[in-house]
Amino acid sequence: MRQLFLTLLTAALSLTTAAQTPQPKAWLKSRQWAGAFTAAKPHKTVDAAQFYTQYHRNTAQWQQLFQWLSTTDLRAIGKGKHPIPGSTLVASVEDSENAPLPERNTESHRKKIDFQLVVDGVEGFALLDHATSTVARPYDEQKDVVRYNYQPRQAHFFNVRGGQFVIFFPSDWHIAKVQTRKNNQKIRVIVVKMDYVE
């Protein structure tokens, strides 16, 4: 009888804990991760489960990123690399243009996460299909990058407009700055390499 009671109590506690832990999609929508950073929104392609996990494994670094974004005039800051105070992070401010797909490189990373916020314009992206893509160049540890051969028809293309961000985790084989159907291909983007925590 005592064993049955303990089993039921353990199950009840597990259910209570699960009920108190927010689901990643609900957590993403709640914007608990944003703090004071409320202007930009995650693009629908952001993997909520991965973001939830990485944010909670490295909360201080993510909060430093969002704090810097919330207190910086992202249109007025000069292009180039800007250390984020109080952290080891560096924000790369890029004034660039989308280019035709054959001119853009594929990539994924093992040690870093690509955080990319579009400030102005519309940036084109692609996520590669793992089943039909192969490694074109082996992992370059110094640059933390892998390049791929891929079939464009199998890739998922999407646009990210000003005020939205994307996050590419190691499993996200991607292409950035892909030409869109918009008349204007000029973009301003903030790129920050976040630590990936196993």
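Reading the values: the criteria
Every chain's residues receive numbers from 1 upward, in the order its sequence appears when written. Where local features are concerned, this predicted model is filtered to residues with pLDDT of at least 70; where side-chain atom pairs are given and counted, the filter is 80 or more; whole-chain, interface and lining totals use all residues. Heavy atoms from the whole structure form the basis of all side-chain values; hydrogens and water molecules are not counted. Secondary structure elements follow DSSP: runs of H or I of four or more residues count as helices, runs of E of two or more count as strands, with numbering from the N terminus. We call two residues contacting when some pair of their heavy atoms lies within 4.5 Å. For every accessible area listed, the method is Shrake-Rupley and the probe measures 1.4 Å; residues are considered covered only by the protein chains on display. Salt bridges are identified by distance alone: a Lys or Arg side-chain nitrogen within 4 Å of an Asp or Glu carboxyl oxygen. Each residue is placed in one exposure class: buried if its accessible area under a 1.4 Å probe, protein chains only, is under 20% of its type's maximum, exposed if it is over 50%, and partly exposed if it falls in between. pLDDT: the predictor's confidence for each residue, scored from 0 to 100. Strand pairing is defined by DSSP finding a minimum of two bridges between the two strands. Angles run from 0 to 180 degrees between N-to-C directions of axes, and those axes are lines fitted to C-alpha atoms, restricted for helices to the stretch in contact. Planes of paired rings set the category: under 30 degrees apart is stacked, over 60 is edge-to-face and the rest tilted, where pairs are Phe, Tyr or Trp rings (Trp by its six-membered ring) whose centres lie within 6.5 Å. Buried residues of nine kinds, namely Ala, Val, Leu, Ile, Met, Phe, Trp, Tyr and Cys, make up a nonpolar core once their side-chain atoms join them within 4.5 Å.

(A) How the structure looks around the overall build of the protein. Looking only at helices and strands, one finds four helices and twelve strands in the protein. A sequence separation of at least 24 residues applies to 78% of the contacts in the protein between residues at least 6 apart. About 11500 Å² of surface is accessible on the protein, with carbon and sulfur atoms providing 52% of the total.

(B) Geometry of the pattern of salt bridges. On inspection of all chains with the given rule, the structure shows seven salt bridges. Of the charged contacts in the structure, one is a salt bridge between Asp195 and Lys112, with a shortest N-O distance of 2.4 Å. With a gap of 83 residues between them, Asp195 in strand S12 (residues 186-195) and Lys112 in strand S5 (residues 112-120) connect regions that are remote in the sequence. In this structure Asp195 comes out as partly exposed when scored by relative accessible area, which is 26%. Note on Lys112: relative accessible area 28%, which makes it partly exposed.

(C) Inspection of the confidence of the model for the protein at higher detail. Summing up the model confidence of the protein, the mean pLDDT is 88 and the portion of residues at 70 or higher is 87%. Low confidence marks residues 1-20, where pLDDT is under 50. Its contacts with residues over four positions away, or in another chain, come to zero contacts.

(D) Up close: the sheet that holds strand S10 (residues 164-168). Strand order in this open sheet of six strands is S1-S10-S5-S12-S3-S2, and the pairing throughout is mixed. If you trace the sheet from one side to the other, it starts and ends with strand S1 (41-42) and strand S2 (80-83), each paired once. By the bridge criterion, eight bridges tie S5 to S12 in an arrangement that is antiparallel. Residue pairing across strands places Gln116 opposite Val191, the latter belonging to S12. Its contacts with the sheet place helix H4 (residues 59-71) against S2, strand S3 (90-97), S5, S10 and S12, and it is angled at close to 155° to S12.

(E) Summary view of the pairing of S5. Burial analysis of S5 places seven of its nine residues in the buried class, which makes it a mostly covered element. In terms of strand pairing, S5 meets S10 through five bridges, oriented antiparallel. Considered in S10, the bridge of Asp114 is made with Phe168.

(F) The arrangement of the environment of Phe165 in detail. In this fold, Phe165 is placed in strand S10. The exposure class assigned to Phe165 is buried, which follows from its relative accessible area of 0%. With 119 residues separating them in the primary sequence, Phe165 and Val46 have C-alpha atoms 8.4 Å apart.

(G) Expanded view of the packing of aromatic side chains. Per the stated rule, a full pass over the model turns up 14 aromatic pairs. Between the aromatic rings of Phe51 and Tyr55, the centroid separation amounts to 6.3 Å while the plane-to-plane angle is 85°, which identifies the pairing as edge-to-face. Of this pair, Phe51 and Tyr55 are both found in helix H3 (residues 48-57), four residues apart, which corresponds to roughly one turn of the helix. Under the relative-accessibility criterion, Phe51 is labelled buried at 0%. Relative accessible area serves as the criterion here: at 6%, Tyr55 is assigned to the buried category.

(H) Seen up close, the sheet that holds strand S9 (residues 156-161). In spatial order, the strands read S4-S11-S6-S9; together these four strands make up an open sheet with antiparallel pairing. Edge positions in the sheet fall to strand S4 (106-107) and S9, since each has one partner strand and no second. Bridge count for S4 against strand S11 (residues 174-178) is two bridges, and the pairing is antiparallel. Looking at S11, one finds that Thr106 is bridged to Ile175.

(I) The nonpolar core, seen in detail. Membership of the largest hydrophobic core comes to 31 residues, with the highest contact counts inside it found for Phe51, Trp62, Leu65, Phe115 and Ile190. Counting only elements with at least two residues in this core, the list comes to helix H2 (24-30), H3, H4, S3, S5, S10 and S12. Among the elements that take part in this core, H4 stands out by supplying five residues, more than any other. Core analysis: the next-biggest nonpolar cluster, separate from the first, contains nine residues, Leu101, Val146, Trp173 and Ile175 among them.

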